[in-house]
Amino acid sequence: MPQSAQAREIVGFSGTYSAGTIVVRTGERSLYYVLGGGKAVRYSVGVGMAGKQWTGTSMITGKYLQPAWSPPAEVKRDKPSIPNLIAGGSPRNPMGAAALTLSGGQYAIHGTNMPGSIGGFVSYGCIRMYNQDVLDLYSRVSFGTTVVVTR
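Note that the structure is a prediction, hence the values are computed from the model and not measured. (Residues numbered from 1 in each chain as written. Predicted model: local features only at pLDDT ≥ 70, side-chain atom pairs only at ≥ 80, totals over all residues. Heavy atoms only, no water.)

Q: Whenever I open this one, the confidence of the model for the protein chain confuses me. Can you help?
A: Parts of the prediction with low pLDDT should not have their coordinates interpreted in detail. For the protein chain, the average pLDDT comes to 93, and 95% of its residues sit at 70 or higher. Taken element by element, the predicted model of the protein chain shows its lowest mean pLDDT in helix α1 (residues 73-78) (91) and its highest in strand β2 (residues 22-25) (98). In this model, residues 1-5 is a region of pLDDT below 50 whose contacts with residues beyond four sequence positions or in other chains number 9 contacts. (pLDDT = per-residue confidence, 0-100. Helix = DSSP H or I, 4+ residues; strand = E, 2+ residues; numbered from the N terminus. Contact = heavy atoms within 4.5 Å.)

Next comes the structure, spelled out in structure tokens:
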């Protein structure tokens, strides 16, 4: 069940990740921003649907506010009526308020114009956040921040 955007919270977090690391646990549909000292900020997220999930380590290579969006080839193939470009700030733009692009260029952590999708297996592999939450995370991270995606 999706939580409200205000549901991000400081939680206990154990693991060998250093402070400043983003850890996405797709099975939990949670993203953790590791604070250190056994604590992290937990955000509710939407993750890849069946057959579209991935795991591994990446890093943030871009930070964009109100980004324009062009559908990847796979999305365009599945939904040919989608425009080739949706302007940033448009209510139809699936990137929402901000996007953090990941190395490799295929995926991003981004906001959404469909808040009801948070907490589900909904994307083509991107990590989807409430707009308020992606803006909070955006303010905490920098280029090169490590992102670890696990099941």
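Moving on, there is more to tell.
Q: For this particular structure, what's the right way to read the environment of K63?
A: Tracing the backbone shows K63 in strand β5 (residues 56-65). Separated by 17 residues in the primary sequence, K63 and P80 place their C-alpha atoms 28 Å from one another. Not counting residues up to four positions away in its chain, the partners in contact with K63 are A99, L100, Y138, V141, S142 and F143. Within the local environment of K63, its side chain forms a polar contact with the backbone oxygen of Y138, the two atoms lying 3.0 Å apart. Of note is the side chain of K63, whose polar atom sits 2.8 Å from the backbone oxygen of V141. (Polar contact = N/O pair within 3.5 Å; in protein donor to acceptor, adjacent residues only side chain to side chain.)

Q: Please explain the pairing of strand β3 (residues 30-36) as it appears in this structure.
A: Looking down a regular strand, the side chains alternate between one sheet face and the other. Of all 7 residues that make up β3, 5 are buried, and the element is covered over most of its length. Relative to β3, β2 is paired through 4 bridges, and the arrangement is antiparallel. Within β3, the residue paired with R25 across the bridge is S30. Linking β2 back to β3 in an antiparallel pair, the connection comprises 4 residues, with R29 at a positive phi of about 55°. Between the antiparallel neighbours β3 and strand β4 (residues 39-48) lie 2 residues, among them G37 with a positive phi of about 60°. (Buried < 20%, exposed > 50% of the residue type's maximum accessible area, 1.4 Å probe, protein only. Pairing = 2+ DSSP bridges.)

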